[in-house]
Amino acid sequence: MEAAVHQIVRDSENNSFNTSHHNILPYFRMIQNGETEQLMKTLDIRLGTEEYQREIGTDNDKETEYMAVSLVNTFMIAAILGGVFPNDANWTADRLLQRIAVSTDLRELSGIIRDAAYQFCEKVRTSLKENTDNIHVEKARQYIRTHLTQNIRIDDIADAAGISRYHLSRLFREKTGKTLAGCLTDERISAAKEMLALTNSSISEIAHLLQFCDESYFISVFRKKTGTTPARFRQNRF
């Protein structure tokens, strides 16, 4: 799977096609500004359709696939410029590229690109909404988001933030309204939702990857945070 994804990306980067065939600048700016509602009202990219093939003057299926990869990468850049942590944006892009790599119907690519635009734009919107303008709190949040698959200790977060555990705990709650442990749980559930939507990983695999002690506990926390089970969330997502 990983080799297939990397091959598609390399091919797309070497291909003469690029995103200039679509007027994507407005979409790029909406993602960068976190304007999700406006983006989803106006987003109109129909990869894999006959109309699309005529528009860009090609009937080459691989070139259409390369365009999809290029758009995912472009939207990822917009999200990073909008304030999303690069590791977070890259993680989302990898999952989307995996979907492109295994897609057997070119018409599915439009749905993947729509998901990509939505996912990245929502990340920017959330980042802008939650930004505290406090360097220690933002360093703590960045550390949490980039270490979700590791066993994180509060002391590790404090070290990354550059202040004492006590000072960070107090400051973090004051600025975000959450405890560090609460933020860690929320971020892991957010990551779980992405994995449920963008991958075929089992619920057990997701629970293990995101450091939940077991599948039952993961399901319990997920239901408490979202109002539904992971299985129902995945089913309703599609």
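Placed above this text is the structure.
Residues numbered from 1 in each chain as written. Predicted model: local features only at pLDDT ≥ 70, side-chain atom pairs only at ≥ 80, totals over all residues. Heavy atoms only, no water.

A. Quick look at helix H8 (residues 135–146). A rise of 1.5 Å per residue sets the reference length of H8, with its 12 residues, at 16 Å; its end C-alpha atoms lie 16 Å apart and thus fit the reference within 8%. What H8 keeps buried is the set Val137, Glu138, Ala140, Arg141, Tyr143, Ile144 and Arg145. Buried residues belonging to H8 abut helix H6 (86–102), helix H7 (108–130), helix H9 (154–161), helix H10 (165–176) and helix H11 (180–198). Measuring from the side-chain oxygen of the N-cap residue of H8 to the backbone nitrogen of His136 gives 3.0 Å; that N-cap residue is Asn134. (Helix = DSSP H or I, 4+ residues; strand = E, 2+ residues; numbered from the N terminus. Expected span 1.5 Å × (residues − 1). Buried < 20%, exposed > 50% of the residue type's maximum accessible area, 1.4 Å probe, protein only. Contact = heavy atoms within 4.5 Å. Polar contact = N/O pair within 3.5 Å; in protein donor to acceptor, adjacent residues only side chain to side chain.)

B. Spatial organisation of the side chain of Asp88. Take Asp88: it is sitting in helix H6. Aside from chain neighbours lying at most four places away, what touches Asp88 is Lys123 and Arg145.

C. Region of interest: the nonpolar core. In terms of nonpolar packing, the biggest core is built from 34 residues, with Ile31, Ile45, Val72, Phe75 and Phe120 touching the most fellow members. Elements with a minimum of two residues in this core: helix H2 (25–33), helix H5 (61–81), H6, H7 and H11. A per-element tally of this core places H5 first, with nine residues. Excluding residues within four positions of it along the chain, Ile31 makes contact with Leu39, Phe75, Ala78, Ala79, Ala117, Phe120, Cys121 and Val124. Ranked by size, the runner-up nonpolar core spans 30 residues in total, among them Leu148, Phe172, Leu196 and Val221. (Core = buried A, V, L, I, M, F, W, Y, C linked by side-chain atoms within 4.5 Å.)

D. Focus on the layout of surface pockets. Looking at the largest pocket, its volume works out to about 1000 Å³. Lining the largest pocket are 33 residues, and of these Lys123, Glu187, Ser190, Ala191 and Glu194 sit closest to its centre. Element by element, the count of residues in the lining of the largest pocket is highest for H7, at nine residues. Residue classes in the lining of the largest pocket are distributed as nine nonpolar, 10 polar and 14 charged. (1 Å grid on protein atoms, 1.4 Å probe; cavity = no way out; pocket = protein on both sides within 12 Å on 5 of 7 lines; lining within 4 Å. Points joined across faces, edges and corners; volume = space filled by probe spheres on them. Nonpolar A, V, L, I, M, F, W, Y, C, P; charged D, E, K, R; others polar.)

E. Focus on the packing of H8 against H10. At a minimum axis distance of 10 Å, the contact between H8 and H10 shows a crossing angle of 95°. Accordingly, the angle class assigned to the pair H8 and H10 is roughly perpendicular. Contacts from His136, Val137, Ala140 and Arg141 of H8 reach H10 at Leu168, Leu171, Phe172, Lys175 and Thr176. Within the contact of H8 with H10, the residues separate by chemical class into five nonpolar, two polar and two charged. (Axes fitted to C-alpha atoms, helices over the stretch in contact; angles between N-to-C directions. Parallel < 35°, antiparallel > 145°, perpendicular 65-115°, else oblique.)

F. Seen up close, helix H13 (residues 215–226). Over its 12 residues, H13 extends 16 Å from the first C-alpha to the last, a length consistent with the 16 Å expected when each residue adds 1.5 Å. Turning to H13, its buried residues are Phe218, Val221 and Phe222. One face of H13 carries all of its buried residues, which in axial projection span an arc of 100°. Along H13, the residues that are exposed and aim more than 90 degrees away from the buried face are Ser216 and Lys224. Two or three places before Ser216, at the start of H13, stands the capping residue Asp214, its side-chain oxygen 3.2 Å from that residue's backbone nitrogen. Immediately beyond the C-terminal end of H13, within one or two residues, lies Gly227, with a positive phi of roughly 85°. (Arc of directions from axis to C-beta.)

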